[in-house]
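# Per-entry structural report
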Amino acid sequence: MGKIIFYEERNFQGRNYECMSDCSDMSYYLNRCQSCRVESGCFMVYERPNFMGNQYFMRRGEYNDMQRLISMGMMFDSIRSCRLIPQHRGQFRMKIYERENFSGQMNELTDDCDNIQDRYRMSDCQSSQVMDGHWLLYEQPHFRGRMMYLRPGEYRSFRDQGMSGMRIMSMRRITDMC
């Protein structure tokens, strides 16, 4: 179970919206989001409705000024949707593919990978099958840059997830750190 509270103004002021599950369009509840508090659990927040666009991983804590969360060169005062990340206990398993539609070189991961080029000699990752666990994929080595959340399922093209132009270079399991 998770709980996140979004506020229209900095420092947890103004109208607020409490969320304990996925929300595909927050514009029904708030005009903007300038601060938030994650009371429990982990969430992905998205810049566009329907879980699209740039994403940011949020764990328990206080974020009193979303404009200071400048990650990937964008300001996150434009959060429009969020997704609760369920806790996963057990093994983690994911197949990554060099090209779209599960083609090209394939590798199977069961733990974090800080650089796919060094570890697997892969220059890119454009599709994936997540069998177990929840994962964060990053555009730069060592878990930096823009990120993308994957839950169990098939991802034939990361471009279809609203992440065109993003090159995946590292990935990390979302463990019970929330």
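Above this note sits the structure.
As a starting point, this report considers the structure included with it. Keep in mind the model is a prediction, meaning the values are calculated, not measured.

What follows concerns the packing of aromatic side chains. If you walk through the whole model with that rule in mind, you get six aromatic pairs. Look at Phe92 and Trp135: their rings are 6.0 Å apart centre to centre, the planes differ by 85°, and that puts the pair in the edge-to-face class. Separated by 43 residues along the polypeptide, Phe92 in the loop between strand 7 (81-85) and strand 8 (93-99) and Trp135 in strand 11 (residues 135-140) bring together distant segments of the chain. Accessibility assignment for this pair places Phe92 and Trp135 in one class, buried. A ring pair is formed by Tyr138 and Phe143, whose centres lie 5.8 Å apart and whose planes are at 70°; its orientation type is edge-to-face. When the ring centre of Phe12 is taken as origin, the NZ or CZ atom of Arg37, which lies over that ring, is 4.1 Å away. The residue whose ring lies beneath Arg172 is Phe143, and the NZ or CZ to ring-centre distance is 3.8 Å.

Pairing is antiparallel across the open sheet formed by four strands, whose spatial order is 2-1-3-6. Each edge of the open sheet carries a strand with a single partner, namely strand 2 (13-19) and strand 6 (61-63). When the angles between neighbouring strand axes are averaged without regard to direction, this sheet yields 15°. With five bridges joining them, strand 1 (residues 3-9) and strand 2 adopt antiparallel strand pairing. What sits directly across from Ile4, in strand 2, is Cys19.

Note: strands within a sheet are paired through backbone hydrogen bonds, in either parallel or antiparallel orientation. The strand order 9-8-10-13 describes an open sheet built from four strands, whose pairing is antiparallel. The strands lining the two open edges of the sheet, one partner per strand, are strand 9 (103-109) and strand 13 (153-155). With direction set aside, neighbouring strand axes in the sheet form an average angle of 15°. Pairing of strand 8 with strand 9, which is carried by five bridges, proceeds in the antiparallel orientation. By the bridge assignment for strand 9, Ile96 is matched with Asn107.

About the cut-offs
- Residues numbered from 1 in each chain as written.
- Predicted model: local features only at pLDDT ≥ 70, side-chain atom pairs only at ≥ 80, totals over all residues.
- Heavy atoms only, no water.
- Phe/Tyr/Trp six-rings, centres within 6.5 Å; stacked < 30°, edge-to-face > 60°.
- Helix = DSSP H or I, 4+ residues; strand = E, 2+ residues; numbered from the N terminus.
- Buried < 20%, exposed > 50% of the residue type's maximum accessible area, 1.4 Å probe, protein only.
- Lys NZ or Arg CZ within 6 Å of the ring centre and 35° of its normal.
- Pairing = 2+ DSSP bridges.
- Axes fitted to C-alpha atoms, helices over the stretch in contact; angles between N-to-C directions.

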